[in-house]
Amino acid sequence: MDRAKLFSLSQYTLPQHLISRVIGRVAACDNSWVKNTFIERFIKAYDVNMGEALEEDPRAYACFNDFFTRALKPEARPIGQGLVSPADGVLSQFGAIEHGTLVQAKGQVFSLTQLLGGSEERAAPFRNGRFATVYLSPKDYHRVHMPLAGRLIEMAYVPGRLFSVNEATAQHVPGLFARNERLVCIFETEHGPMAMVLVGAMIVAAIKTVWSGQVTPLSGSVETTHFNQLIELARGAEMGRFQLGSTVVMCFPENVEFDDALTLGQSVSMGQSLGMCATKSGMAQTPEPMA
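Residues numbered from 1 in each chain as written. Predicted model: local features only at pLDDT ≥ 70, side-chain atom pairs only at ≥ 80, totals over all residues. Heavy atoms only, no water.

Let's shift gears to the pairing of strand S7 (residues 150-158). Across the nine residues of S7, seven count as buried, placing the element largely inside the fold. Of the strand pairs in this sheet, S7 and strand S13 (residues 232-233) are connected by two bridges, and their pairing is antiparallel. By the bridge assignment for S13, Gly150 is matched with Leu233. Pairing between S7 and strand S8 (residues 182-189): seven bridges, direction antiparallel. Of the residues in S8, the one forming a bridge with Arg151 is Glu188. In this sheet, strand S12 (residues 223-226) lies alongside S7 in antiparallel orientation, the contact comprising four bridges. When the bridges of S12 are listed, Tyr157 appears paired with Glu223. (Buried < 20%, exposed > 50% of the residue type's maximum accessible area, 1.4 Å probe, protein only. Helix = DSSP H or I, 4+ residues; strand = E, 2+ residues; numbered from the N terminus. Pairing = 2+ DSSP bridges.)

Take the environment of Lys44 next. Along the chain, Lys44 turns up in helix H3 (residues 32-46). Distance in space between the C-alpha atoms of Lys44 and Lys139 is 9.8 Å, their sequence separation being 95 residues.

A few words now on the nonpolar core. Counting residues in each nonpolar core, the largest one holds 35 residues, and the members touching the most others are Cys185, Phe187, Met196, Trp211 and Met239. Breaking this core down by element, the ones donating at least two residues are strand S5 (130-136), S7, S8, strand S9 (192-199), strand S14 (238-243), strand S15 (247-252), strand S16 (256-258) and strand S18 (273-278). Ignoring sequence-local partners within four residues, the contact set of Trp211 consists of Leu152, Met155, Cys185, Phe187, Phe227, Ile231, Leu233 and Met239. Counting residues in hydrophobic clusters, the runner-up holds 25 residues, among them Leu102, Leu112, Phe163 and Ala201. (Core = buried A, V, L, I, M, F, W, Y, C linked by side-chain atoms within 4.5 Å. Contact = heavy atoms within 4.5 Å.)

Moving on, we get to the environment of Val215. The topology assignment puts Val215 in the loop between strand S11 (213-214) and S12. Judged by relative accessible area, which is 18%, Val215 ranks as buried. Taking the C-alpha atoms as reference, Val215 lies 8.4 Å from Leu183; in sequence the two are 32 residues apart. Setting aside its immediate chain neighbours within four residues, Val215 contacts Tyr157, Leu183, Ile207 and Thr209.

Counting across every chain of the model gives eight salt bridges. Linking Arg77 and Asp88 is a salt bridge whose minimum nitrogen-to-oxygen distance equals 2.6 Å. With Arg77 in the loop between helix H4 (64-68) and strand S1 (83-84) and Asp88 in the loop between S1 and strand S2 (89-96), the pair connects residues that are 11 residues apart, well separated along the chain. Each of the two residues, Arg77 as well as Asp88, counts as buried. Close ionic contact of Arg127 with Glu120 constitutes a salt bridge, the shortest N to O distance being 2.9 Å. (Salt bridge = Lys/Arg side-chain N within 4 Å of Asp/Glu carboxyl O.)

Shown next as structure tokens:
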């Protein structure tokens, strides 16, 4: 048995949520020795570029979480044209949603309906659409931004496991992204609906959104919130963040066209153009962000 498969199988028996809670407490610790040690070792291990951070001094952060979700200087991530990457990371998969399934890895697919919390109604607009998966890179900027301008319609917390998310588990854990705990956010855009799915993973201590703060589930079932108040976010605006890292899966209608130059496994930066959209009338357009 190869090491990747053995690593993936070992996670079935681990106390995933307990491990994540323990790591979360360490990451939130404001003891100077603890947080400075973790931050400085992380910077060295991942060769983090602190020159692009709004606060360049690693010791100025109150805790590891604050460092990990650090803000960048305004010019560090210019917003490109059309559909843009929501985060720094690796473009692990992208393409067409076929017969209600998305590609997880070579030989592995998963259900669109399960990914979006089990609702056929929520999944229907994306059944023949497009998707892209971005795995957030540990060394880079770690907030999640809007690929398109949109108005928030619905949010659903979906309970689940907390398998690690990496190449090994994507290959060997069936339906990984539709099994892990996740937050599904549905937006209405001028090009049609858009789903942003923030997927949790082992040692991800929390998921936050800009409109509701930290998402704290109250039960072990899907919890859905509908938004009647106006919550609009511009293309490139922050929509959420992970305290420690994971993955974003984006779902769009079929009028999205990815750039021909994109390749599986390439590194992307937040704000980098990934493709173009067509308006509901069918004319291709690269929209300006909402004011």
